[in-house]
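# Chain and residue survey
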2 protein chains.
Amino acid sequence: MPRPKTRIQLRNSETILEAALDVFSSQGFRGATLDQIAEVAGLSKPNLLYYFPSKEAIHQTLLTRLLHTWLDPLREMDPNGDPVAEIMGYVRRKLELSRNFPRESRLFAIEILQGAPRMRAAIEGELTELVAEKALVLQRWMDEGRIARLDPVHLVFSIWALTQHYADFDVQVRTVLGEGHDPYAEAGAFLETLYARLLAP
Amino acid sequence: MPRPKTRIQLRNSETILEAALDVFSSQGFRGATLDQIAEVAGLSKPNLLYYFPSKEAIHQTLLTRLLHTWLDPLREMDPNGDPVAEIMGYVRRKLELSRNFPRESRLFAIEILQGAPRMRAAIEGELTELVAEKALVLQRWMDEGRIARLDPVHLVFSIWALTQHYADFDVQVRTVLGEGHDPYAEAGAFLETLYARLLAP
DNA sequence: GCAACATCTGACCATCCGGTCAAAACCCAT
DNA sequence: ATGGGTTTTGACCGGATGGTCAGATGTTGC
């Protein structure tokens, strides 16, 4: 029952988490059922509960993993690099995250939307601290006149909002755009322009 | 049972919708229970079902109302007005909507996040048409050199993303900002700067 | 090939939840 | 005040759902 030890445990734990991500991200926590997850995973319900003690535990594991993937691109923003290039790099990485991990993005969004009942601690701690740290870097860049003067925290919010939108509101984006569009490619170009203009000192 | 006729029917229907908005927007459709809604409304569960035929029907009523509130600010964008002022006005109205109707915003977000199972038609129809119409106006403004050349649809997406973020991710925004901030006032100032810089020809 | 342990499952349980219904309580025009 | 309609409710139902458990089936080291 403890976390992965044998090959089988590792494989099945992963299968379950993969299936759970599918279901949780499209139905929310309460909307998801163990039967659904079991079916997607190709395992029996009691078998899920052999690997994880509860539905809660599966969800919690997903959220914990998520947070790291989530914050890494911001962590990588180098205080010693070129300001515009660093911020652009962050935007690009975050957009890639939306493109490659839309389910993770939606899982996160649902959690926050519902008041972050199972993630408060992480948001109050790790996330807030990281933003505070990077806001200082942004502030310094502004003070040095290397980028335009803006509220650094809201600048970060804008990046989150604009990149996550494409994963979280995917259905809407694709419907409005219609056939024959590559939303992410277009978004990349649009955001490039947007931040170039916004950041120019 | 049909929609409001007597005073009591009107009052109770409203009470129920108000309570349902509270619960649906914070728990999602499946997460919400009739018992919860009944409790918030101060009515008994069977009494809810005297006014609405089902849980679905309550939800559907909310979504239908929502769509109008939602699209109105975009409708108001005047093709004959001053381009920058009109777009800024739309941004401001949309941000006001987030501030004054965060629950509606979250209800909408949850619906789209989960693939818009109960709103597809409206999105494919009304919403897509309105965006197409306004995109033409934006395109014309660009062709006339009155605002910068951008992808007009993604410009609209950016407004949606940036304004809704403050309602949908309220918990995160407030946590990261900490005490002593007025998120919406700051967001207003930030977005003013952002769109001024982005739209300048 | 076999013991010891890991993995898996069918059957089952308690609870929750959307919805029904018959009857009670209420309201109000006459 | 009384009768007819409206509103409200307690009791109940059937199905879904998270979780349990005893035992069956597999796997592995010897």
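No experiment lies behind these values; they were computed from the predicted model shown.

Turning next to the domain arrangement of chain A. Residues and elements named next belong to chain A. What the domain assignment lists for chain A is domain 1 (1-53) and domain 2 (62-199). Taking only C-alpha atoms, the centre of domain 1 and the centre of domain 2 are 29 Å apart. The partner domain 2 presents eight residues to the ten residues of domain 1 that form the contact. Interface of domain 1 and domain 2: buried area, both sides summed, is about 900 Å²; carbon and sulfur atoms make up 62% of it. On the domain 1 side of the contact with domain 2, L17, L21 and S25 bury the most area, a combined 56% of that side's loss. Viewed at the interface, domain 2 and domain 1 are joined by three salt bridges.

Turning our eyes to something else, we now look at the protein's contact with DNA strand D. In the neighbourhood of DNA strand D, 18 residues make up the surrounding shell, with A:L34, A:K55, B:T6, B:Q9 and B:Y51 lying closest. Among the atoms of DNA strand D close to the protein, meaning within 4 Å, 60% are from sugar or phosphate groups. The backbone of A:L34 places a nitrogen or oxygen atom 2.8 Å from a phosphate oxygen of DNA strand D. In this structure, B:Y51 approaches DNA strand D through a side-chain N or O atom, which is 2.6 Å from a phosphate oxygen. If you list the elements that add at least two residues to the surface near DNA strand D, you get α3 (45-51) of chain A together with α1 (7-31) and α3 (45-51) of chain B.

All names here are of chain A. Relative to each other, helix α1 (residues 7-31) and helix α4 (residues 55-75) sit at 95°, their axes nearing to 10 Å. Between α1 and α4, the interaxial angle falls into the category roughly perpendicular. Across the interface between the two elements, E14, I16, L17, A20, L21, F24, F29 and R30 of α1 pack against K55, E56, I58, H59, T61, L62 and R65 of α4. Among the residues making up the contact of α1 with α4, the classes are represented as eight nonpolar, two polar and five charged.

Conventions we followed
- Residues numbered from 1 in each chain as written.
- Chains lettered and ligands numbered in written order.
- Predicted model: local features only at pLDDT ≥ 70, side-chain atom pairs only at ≥ 80, totals over all residues.
- Heavy atoms only, no water.
- Domains from an automatic or database assignment.
- Contact = heavy atoms within 4.5 Å.
- Buried area = accessible area lost by both parts, 1.4 Å probe.
- Salt bridge = Lys/Arg side-chain N within 4 Å of Asp/Glu carboxyl O.
- Near = heavy atom within 4 Å.
- Polar contact = N/O pair within 3.5 Å; in protein donor to acceptor, adjacent residues only side chain to side chain.
- Helix = DSSP H or I, 4+ residues; strand = E, 2+ residues; numbered from the N terminus.
- Axes fitted to C-alpha atoms, helices over the stretch in contact; angles between N-to-C directions.
- Parallel < 35°, antiparallel > 145°, perpendicular 65-115°, else oblique.
- Nonpolar A, V, L, I, M, F, W, Y, C, P; charged D, E, K, R; others polar.

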